[in-house]
Amino acid sequence: MNGFVFFIPLLILVFFILLSGIFTVKQQTAAVVERFGKYLSSRSSGLHFKIPVIDRIAGRINLKVQQLDVLVETKTKDDVFVRLKISVQFQVIKEKVYDAFYKLESPHDQITSYVFDVVRAEVPKMKLDDVFERKDDVAIAVKQELNEAMSDYGYDIIKTLVTDIDPDLQVKEAMNRINAAEREKVAAEYEAEAERIKIVAKARAEAESKRLQGQGIADQRREIARGLEESVDVLNNVGINSQEASALIVVTQHYDTLQSIGEATNTNLILLPNSPQAGSNMLNDMIASFVASNQIGEEMKKTNAAKGIGQPKKKKRTPPPTDSMYGDEENTDDVQF
């Protein structure tokens, strides 16, 4: 009986020793088994057995895709300090678990060192604007360098990304001011162009208005001249000569104008002089001016002929104040009040 009692603890000890030879490995994980300190095998996910005491699990390696964020500060070609955040996505190659476990002590430190080396070699070749535009080139250079270096250690670089570019605060403020000034310049150019279009359109409208106004005035004077010509013809038919008819028309228009001024309440027109003899005096002055100009013209022709000066270009001679003068359109315009 005493021997059986002694045998029970032994059985329990053996049971626990055998139980220690059973182990499991999680999904996307690899277990490294050593025998007497020497690498024996790599076990994937599932239930596994090992020899108790003799074999042991040296470690487990994560086979999932991992990400390491590295913040690098460096200088650009135009002497601007900038901070870049590089995200490296890497994974242990399943067939190279031995290399990943035994060859590299700290993969994160190793990857960080390579990222610093590549970024500080590539970014100083670029200006700040080029860093923003060609950030993919930096990421590709980092990935190529890491793949060449880390593949020997059993790591595969899946992707490298430049996730952030952060210049100095003063540099960002200066860039924002430059951008704002450029946009204000473009806005000013558009506003100036719009103002120019308005001015041109207004000038064209005013020119068209003046042209139409001048045409209207010309038509008005033409019709007035025709009316005066018809009036003179009517008066001639009843025995009134042209000079008397012209004086009568001028006096009539003079009093018509005074009547229009009297009817208007807020008129700005002032007719000077306004005596009854004003129309007749004005007509006599006009006739005297025409006669004097004709005399001066004749004297100039005689003087030039005496000096042997060539005859000037023939001009239309202004006729003396006759009946036909008051029927002409240009002369009748001068008589208009």
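Going by the structure above, here's the rest.
Residues numbered from 1 in each chain as written. Predicted model: local features only at pLDDT ≥ 70, side-chain atom pairs only at ≥ 80, totals over all residues. Heavy atoms only, no water.

> An account of a nonpolar patch on the surface is requested, with residue identities and associated values reported.
A cluster of nonpolar side chains, namely Phe-7, Leu-10, Leu-11, Leu-13, Val-14, Ile-17, Leu-18, Phe-36, Ile-51, Val-53 and Ile-54, defines an oily patch on the protein surface of about 1000 Å² accessible area. What makes Leu-11 partly exposed here is its relative accessible area of 45%. (Patch = residues over 30% accessible without salt bridge, like charges linked within 9 Å, V, L, I, M, F, W, Y side chains within 5 Å. Areas by Shrake-Rupley, 256 points an atom, 1.4 Å probe, with all protein chains shown as cover. Salt bridge = Lys/Arg side-chain N within 4 Å of Asp/Glu carboxyl O. Buried < 20%, exposed > 50% of the residue type's maximum accessible area, 1.4 Å probe, protein only.)

> Before we move on, could you go through helix α3 (residues 107-122) and cite the residues and values that matter?
The α-helix advances 3.6 residues per turn, and as a result positions three or four apart in sequence lie on the same side. Along its 16 residues, α3 runs 23 Å from first to last C-alpha, staying within 8% of the 22 Å computed at 1.5 Å per residue. Three or more residues of α3 are buried, namely Pro-107, Ile-111, Val-115, Val-118 and Val-119. The buried residues of α3 occupy an angular sector of 95° when the element is viewed end-on, so they sit on one face. In this structure, the buried side of α3 is in contact with β6 (66-75), β7 (81-92), α5 (135-150) and β8 (155-167). (Helix = DSSP H or I, 4+ residues; strand = E, 2+ residues; numbered from the N terminus. Expected span 1.5 Å × (residues − 1). Arc of directions from axis to C-beta. Contact = heavy atoms within 4.5 Å.)

> Lay out the side chain of Thr-76 with the relevant residues and their values.
As for its position among the elements, Thr-76 is in the loop between β6 and β7. Separated by 2.5 Å, the side chains of Thr-76 and Asp-78 make a polar contact. In this view, Thr-76 contacts Val-82, Val-123, Pro-124, Met-126, Lys-127, Leu-128 and Val-131; residues no more than four positions away in its chain are not counted. (Polar contact = N/O pair within 3.5 Å; in protein donor to acceptor, adjacent residues only side chain to side chain.)

> Give me the packing of α3 against α5: which residues, what numbers.
How two helices pack is summed up by the angle between their axes together with the distance between the axes. At a minimum axis distance of 9 Å, the contact between α3 and α5 shows a crossing angle of 135°. Taken together, α3 and α5 sit at an angle that is classed as oblique. The two elements α3 and α5 cross, and the hand of that crossing is right-handed. Along its contact with α3, which presents Pro-107, Gln-110, Ile-111, Tyr-114, Val-115, Val-118, Val-119 and Glu-122, the element α5 presents Val-138, Ala-141, Val-142, Glu-145, Leu-146, Ala-149 and Met-150. The residue inventory of the contact of α3 with α5, partitioned by class, reads 12 nonpolar, one polar and two charged. (Axes fitted to C-alpha atoms, helices over the stretch in contact; angles between N-to-C directions. Parallel < 35°, antiparallel > 145°, perpendicular 65-115°, else oblique. Left-handed = near helix turned anticlockwise from the far one by under 90°. Nonpolar A, V, L, I, M, F, W, Y, C, P; charged D, E, K, R; others polar.)

> Just give me the short version of the sheet that holds β7, but keep the residues and values in it.
Taken together, the three strands give an open sheet; going across it, the order is β6-β7-β8, and neighbouring strands pair in antiparallel fashion. What marks the edges here is a single partner per strand, and that holds for β6 and β8. Ignoring strand direction, the axes of neighbouring strands in this sheet form an average angle of 20°. The pairing of β7 with β8 spans 11 bridges and is antiparallel. From the neighbouring strand, Phe-90 faces β8, where its bridge partner is Ile-157. Seen against the sheet, α3 touches β6, β7 and β8 and runs at an angle of roughly 35° to β6. (Pairing = 2+ DSSP bridges.)

> Quick one: what's the story with the packing of aromatic side chains, residue by residue and with numbers?
Considering all chains together, one arrives at five aromatic pairs under this definition. Consider the rings of Phe-101 and Tyr-102, whose centres lie 4.9 Å apart with planes at 80°: the pair is edge-to-face. Judged by its relative accessible area of 25%, Phe-101 is partly exposed. Every member of this aromatic cluster is reached through a ring pair, and the members are Tyr-39, Tyr-98, Phe-101 and Tyr-102. (Phe/Tyr/Trp six-rings, centres within 6.5 Å; stacked < 30°, edge-to-face > 60°.)

> Let's hear about unusual backbone geometry: which residues, and what values?
Comment: phi is negative for the bulk of residues other than glycine, and the bulk of peptide bonds are trans. Its identity as a non-glycine residue notwithstanding, Phe-36 has a phi of 55°, on the positive side. As for its position among the elements, Phe-36 is in the loop between β2 (29-35) and β3 (38-43). Judged by relative accessible area, Phe-36 falls into the exposed class, the value being 69%. With a phi close to 60°, Asp-79 is a non-glycine residue in the positive phi region. Summarising the element assignment, Asp-79 is placed in the loop between β6 and β7.

> Describe the nonpolar core, naming the residues involved and giving the relevant values.
Buried together is how nonpolar side chains tend to be arranged in soluble globular proteins. In this structure, Leu-84, Ile-86, Ile-111, Val-115, Val-119, Val-142 and Leu-146 are the most contacted members of the largest nonpolar core, which totals 35 residues. Mapped by element, the contributors of at least two residues to this core are β2, β6, β7, α2 (97-102), α3, α4 (128-133), α5 and β8. Not counting chain neighbours up to four residues away, the residues in contact with Leu-146 comprise Val-88, Ile-111, Tyr-114, Val-115, Ser-151, Ile-157 and Thr-160. (Core = buried A, V, L, I, M, F, W, Y, C linked by side-chain atoms within 4.5 Å.)

> Can you tell me about the environment of Tyr-153, naming the residues and giving the values?
Along the chain, Tyr-153 falls in the loop between α5 and β8. Judged by relative accessible area, which is 23%, Tyr-153 ranks as partly exposed. Placed 53 residues apart in sequence, Tyr-153 and Ala-100 show a C-alpha to C-alpha distance of 5.2 Å. Look past the residues within four positions of Tyr-153 in its chain and what remains in contact with it is Asp-99, Ala-100, Lys-103, Leu-104 and Gln-110.

> Which residues make up the sheet that holds β2, and what are the values?
Reading across from one edge, β3-β2-β5 is the order of the three strands in this open sheet, with antiparallel pairing throughout. Where the open sheet ends on each side, the last strands, each with one partner, are β3 and β5 (55-62). Each adjacent strand pair in this sheet contributes to an overall mean axis angle of 25°, direction not counted. Where β2 meets β5, seven bridges bridge the pair, whose relative direction is antiparallel. Paired with Thr-29 across the two strands is Asn-62, which belongs to β5.

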